[in-house]
Amino acid sequence: MNTSLSDSTSNSLFLRGPALGVKLTLLVSLSILLMMGENRGNPQLQTARQWLSWALTPITWAAASPAEVVGGVDHLRSRESLLNDNRELRERLLKQDARLLRLESLEAENIRIRELLASSSSLEDRVLIAEILATSQDPYRHQIVLNKGGRDGVYRGQALVDADGIMGQIVQVNPGSSVALLITDPDHGIPVEINRTGLQTIALGRGDGHGLSLPYLPGNADVKVGDLLVTSGLGGRFPAGYPVGTVHELKHAGGESFMEAIAYPKAKLSQGRQALLVWSERALPSSGTDDEPIAVPIDLPVKPESRSPATPAAAPAQVPAAASNPTSAPAATTTTTPSVPPSAAATPPAAPPAGKTTAPPALAPKPGTP
Amino acid sequence: MITSLGYLASLVLALLLQIVELPEWLAIARPAWPLLVIGYWALYAPNAPAIASAWLLGICCDVLLNAPLGQHALGLVVVAFLIRRLSGIYTLFPLWQAALALIPVWTLYVFLMFWIDGLARHAADSTLRWMPIVSTTLVWPLCAGMLDSFRASRARSRNRMRLP
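Just so we're clear, the structure is a prediction, and the values are computed from it rather than from any experiment.

### A word on the pairing of strand E6 (residues 189-194) of chain A
All names here are of chain A.
1) Next: Most of E6 is tucked away: five of the six residues are buried.
2) Next: Sheet topology places E6 next to strand E7 (residues 200-205); five bridges connect them, and they run antiparallel. Residue Gly189 lies in a different strand from E7, and its bridge partner there is Leu204.
3) Next: Hairpin connection of E6 to E7: five residues between the antiparallel strands, including Gly198 at a positive phi of 80°.

### Considering the interface of chain B and chain A
1) Next: Counting from both sides, the interface comprises 35 residues of chain B and, opposite them, 40 residues of chain A.
2) Next: Taken together, the elements giving at least two residues each to the side of chain B that touches chain A come down to helix H1 (2-19), helix H2 (24-27), helix H4 (50-65) and helix H5 (71-90) of chain B.
3) Next: Broken down by element, the side of chain B that touches chain A gets its largest block of residues, eight residues, from H5 of chain B.
4) Next: Split into classes, the residues belonging to the side of chain B that touches chain A amount to 23 nonpolar, seven polar and five charged.

### Here's the deal with the sheet that holds strand E12 (residues 274-279) of chain A
Where strands meet in a sheet, backbone hydrogen bonds hold them as pairs that are either parallel or antiparallel.
All names here are of chain A.
1) Next: Pairing within the closed barrel is antiparallel, and its six strands lie in the order E1-E2-E5-E4-E3-E12. For this sheet the average axis-to-axis angle between neighbouring strands, irrespective of direction, equals 45°.
2) Next: In this sheet, E12 lies alongside strand E1 (residues 126-135) in antiparallel orientation, the contact comprising six bridges. When the sheet's bridge partners are listed, Glu131 is paired in E12 with Gln274.

### Looking at the pairing of E7 of chain A
1) Next: Relative to strand E8 (residues 212-218) of chain A, E7 of chain A is paired through two bridges, and the arrangement is antiparallel. Residue pairing for E8 of chain A: Leu204 of chain A is matched across the bridge by Ser213 of chain A.

### Considerations on unusual backbone geometry
All names here are of chain B.
1) Next: Of note, the phi angle at Asn66 is positive, near 55°, even though the residue is not glycine.
2) Next: Mapped onto the elements, Asn66 comes out in the loop between H4 and H5.
3) Next: Given 18 C-beta atoms within a 10 Å radius, Asn66 is considered partly exposed.

So, how was this worked out
- Residues numbered from 1 in each chain as written.
- Chains lettered and ligands numbered in written order.
- Predicted model: local features only at pLDDT ≥ 70, side-chain atom pairs only at ≥ 80, totals over all residues.
- Buried ≥ 20, exposed ≤ 12 C-beta atoms within 10 Å, placed from the backbone.
- Helix = DSSP H or I, 4+ residues; strand = E, 2+ residues; numbered from the N terminus.
- Pairing = 2+ DSSP bridges.
- Contact = placed C-beta atoms within 7 Å.
- Nonpolar A, V, L, I, M, F, W, Y, C, P; charged D, E, K, R; others polar.
- Axes fitted to C-alpha atoms, helices over the stretch in contact; angles between N-to-C directions.

Here it is as structure tokens:
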């Protein structure tokens, strides 16, 4: 036995020198190539990763089983606690039903008012319930794996919510599963507005597992501890109006012109096994169709005939409002000054602000050009 | 045949332990199991294909942890190579001294992971990142001892079969 061991070591001593170095350089350069390729978004690497993750699902299941066994103890609870739970849930359902009734009437009212404003109404979002298969076990990557994938119509960038608020967004879609990045991940940023004041800013993940940071607040911004943050819908990725978190702490370093707020997410990111995937209507169409509502909120009811001949500015006005019909364009130019502020004040969510940002530049050059 | 099965089983077990769900306060100090197992085989089993399996195991880690493809593979390959190269020195030490002597290698691995994360613009809390070095060092004697006893029992049973 001893001789055979020393034989093998001495044999490999001769083989070792060059073979080891060659192997090392080969594999290291292969790894670097893989990382570079993936950084460029190589589609073949994407499919390779999907296949590998499919092949490794038994390991994922096996790793999740201890947690399921611990959760399985849940089944062995007493009848009384189940009855209690049942009663509590019934009461909650009743309350929520009552609120829902009110919500329906409010929604109907909102749709009517939006129609009066002639802006697009997309209050109803399509949702899909997904089971959380696994959470990322790298403590520096806040990701979860869901059991819904490309086959169910999940797309990259889709918003993920739970009963209390926004959880995150989908970053990778496999055929039968998908990976979502949570809002507390340091790579994640989400456009939010402070519900009380409407102040818009961006919330970044802090990476410590349970915090969001709002670093871009002006020093005199009106923010208080306990303020609710909701999605602003800017950027079109997240549907507007979902709760994101509450402000927990304000940091204002003396002498600096910005202050930072720390918020805790509303969603229960590390609890529960279900999440809702939301199809936000605005995220689906490309930017081309997004432009349409831009032309509409600049409303056209006020006397289109009386002033249109007086303005040669009508012609350049058609350039920014390219998609809309030419008859509404002159009307838009004449009535812009009174109509823009109300539309800006009334509709903070996604598309109108997009219109807001493009409309003033479109209007600004007009007095100059003719 | 049986030892190679045991070899594969140890690698799969390392993967499992790396992704099994732990409470948050424990997950931060999770020892790098693939690193431990690859380190052991590279050090004490000169015939095992440690470098190639380090790369494959690393790719599996990358897929399971959703890291950039190649990140853990690179780190594990470098570690396997270093330990192979220095195995002449390391095998001279008793187990606990080897545990101390291996700390620079674990540090290099964690630094590589940290550095690649930085290149990939994945900002992360940098103070707690070094915790796995401590836990890996603490777990090393246990892990190495268990794998040792596994191999010893295999060898004993083989000898017993050969002797008559």
